[in-house]
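As a plain string of letters, each chain reads:
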Amino acid sequence: MLIQAMARPEILQIAPMMPVVADQIDRLFTVHRLWEVADRDAFLAEHGPRIRGIAAGGHAPLNEQLMGRLPALEIVSAFGVGYDQIDAKWAGGNGIVVTNTPDVLTDEVADLTIGLLISTVRRIPEAERHLRDGKWPSGAFPLTASLRGRKVGILGLGRIGKAIAKRLEAFGLPISYHGRTRQDGVDYAYVADAVDLARQVDVLISVIPGGASTERMVGREIFEALGPDGIFVNVGRGTVVDEAALIEALRSRTILAAGLDVYADEPNVPAELIAMENTVLLPHVASGTVHTRNAMGQLVVDNLVSWFDGRGALTPVAETREVAAKKSGKA
């Protein structure tokens, strides 16, 4: 590892991170912990010109106001697939590479999505409460909806969307999808309009990334199109959903039920959703296993090490791939 043979690069850690990240970067780099700083302006004035990398965990915004104070910044290594809290477009336009942690969590998120879907359709948490509350001797739990005969639509057929679709094939369910463009080499039916997709299916799974272009994309019109037997599942980003419209759709039985792992203002979940019986709610745990979170953390470290060893970024995001290729000599 070349880093150990030269002066250790200075990096900024903007929020606490798991030991697999924190312990390694402490050993390999000179680390500044931004959340421990009392006077950020004074800190950035003194240390900002020497900081060459950022280890980005959590949901703290990483924008021009911060990155612009770091004139030597070369790379932002972010924990997670979604990076809507990072202004990657500005970073790429200013010669900064942003990386994320794709692939290593794909299977975990896809597995949980299927579990969340089945739990929502079959009301598994509610059935368990029926047993635990001692209600079974007084009467059987009511019959539930079924996956049989359903059609599934996926909003956002990226890596995770494809992994979800592959699992759903085993259930014998027809699958269609909506995204910005039709994908080559995909056998699932493409629907160019999200509302039309909702109208054609009765299970709608959202894996859409966050950001300004998708904010509140899933709203009243989509829920009305999904219909009274419709199930909505979201494992992408909570910001893509108009939560007020979702609450009203559930309350009025415009749709049957919703299974959610993500919310617009995490960790704050609307009390109306919590109070409803036709929701299954998880605290953003789709990738939340020891195995997968360690793999994600290791990729954060590996991106930093590879970059400062001169081998380039391993997983640059779309907005900064061109910058990454030029700086690594692979353009």
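Residues numbered from 1 in each chain as written. Predicted model: local features only at pLDDT ≥ 70, side-chain atom pairs only at ≥ 80, totals over all residues. Heavy atoms only, no water.

Asker: Please explain the pairing of strand β1 (residues 10-13) as it appears in this structure.
Answerer: Along any regular strand, the residues point their side chains to alternate faces of the sheet. Taking every second residue as pointing to the same face, both faces of β1 are buried, with Glu10 and Leu12 on one and Ile11 and Gln13 on the other. Both β1 and strand β2 (residues 30-33) contribute to a ladder of four bridges, which runs parallel. By the bridge assignment, leucine 12 is partnered in β2 with histidine 32. Once you follow β1 into helix α1 (residues 19-28) and on to β2, the crossover reads as right-handed. Bridge count for β1 against strand β3 (residues 51-56) is four bridges, and the pairing is parallel. By the bridge assignment, glutamine 13 is partnered in β3 with alanine 55. (Buried < 20%, exposed > 50% of the residue type's maximum accessible area, 1.4 Å probe, protein only. Helix = DSSP H or I, 4+ residues; strand = E, 2+ residues; numbered from the N terminus. Pairing = 2+ DSSP bridges. Right-handed = clockwise from strand over helix to strand, strands pointing away.)

Asker: Would you explain the packing of helix α5 (residues 106-122) against helix α7 (residues 159-169) in this entry?
Answerer: Each pair of packed helices can be summarised by the angle the axes make with each other and by the distance between the axes. Interhelical geometry of α5 versus α7 gives an angle of 50° and a closest axis separation of 9 Å. Taken together, the axes of α5 and α7 lie oblique to each other. For the pair α5 and α7, the sense of crossing is right-handed. For the pair α5 and α7, the contacting residues are Thr106, Asp107, Val109, Ala110, Asp111, Thr113, Ile114 and Leu117 in the first and Arg159, Ile160, Ala163, Ile164, Arg167 and Leu168 in the second. Across the contact of α5 with α7, the residue classes break down as eight nonpolar, two polar and four charged. (Axes fitted to C-alpha atoms, helices over the stretch in contact; angles between N-to-C directions. Parallel < 35°, antiparallel > 145°, perpendicular 65-115°, else oblique. Left-handed = near helix turned anticlockwise from the far one by under 90°. Contact = heavy atoms within 4.5 Å. Nonpolar A, V, L, I, M, F, W, Y, C, P; charged D, E, K, R; others polar.)

Asker: So what exactly am I meant to see when it comes to the packing of α1 against helix α12 (residues 290-308) here?
Answerer: Two elements in contact, α1 and α12, have axes separated by 8 Å at closest approach and are oriented at 20°. By the angle between their directions, the pair α1 and α12 is classed as roughly parallel. Two packed elements cross with a definite hand, and for α1 against α12 that hand is right-handed. Across the interface between the two elements, Val20, Val21, Gln24, Ile25 and Leu28 of α1 pack against Asn294, Gly297, Gln298, Val300, Val301, Leu304 and Val305 of α12. For the contact of α1 with α12, the residue count by class is eight nonpolar, four polar and no charged.

Asker: I'm lost on the environment of histidine 284 in this one. Help?
Answerer: You can see histidine 284 is positioned in the loop between β12 (279-281) and α12. Among the residues examined, histidine 284 registers a relative accessible area of 24% and is labelled partly exposed. Sequence-wise, histidine 284 and glycine 238 are 46 residues apart; in three dimensions their C-alpha atoms are separated by 9.7 Å.

Asker: It is not clear to me how the pattern of salt bridges should be interpreted in this structure. Could you clarify?
Answerer: Side chains that carry opposite charge are capable of pairing whenever their charged atoms lie near each other. Within the structure shown, the criterion is met by 17 salt bridges. Arginine 33 serves as the salt-bridge partner of aspartate 26, at 2.6 Å between the closest nitrogen and oxygen. Residue classification places aspartate 26 among the partly exposed residues on the basis of a relative accessible area of 32%. A salt bridge links aspartate 309 to arginine 311, with the nearest nitrogen and oxygen atoms 3.4 Å apart. Since its relative accessible area comes to 46%, arginine 311 is described here as partly exposed. Connected via shared salt-bridge partners are Asp107, Asp111 and Arg167. (Salt bridge = Lys/Arg side-chain N within 4 Å of Asp/Glu carboxyl O.)

So, to be careful, I would describe these as geometric facts and stop short of saying anything about function.
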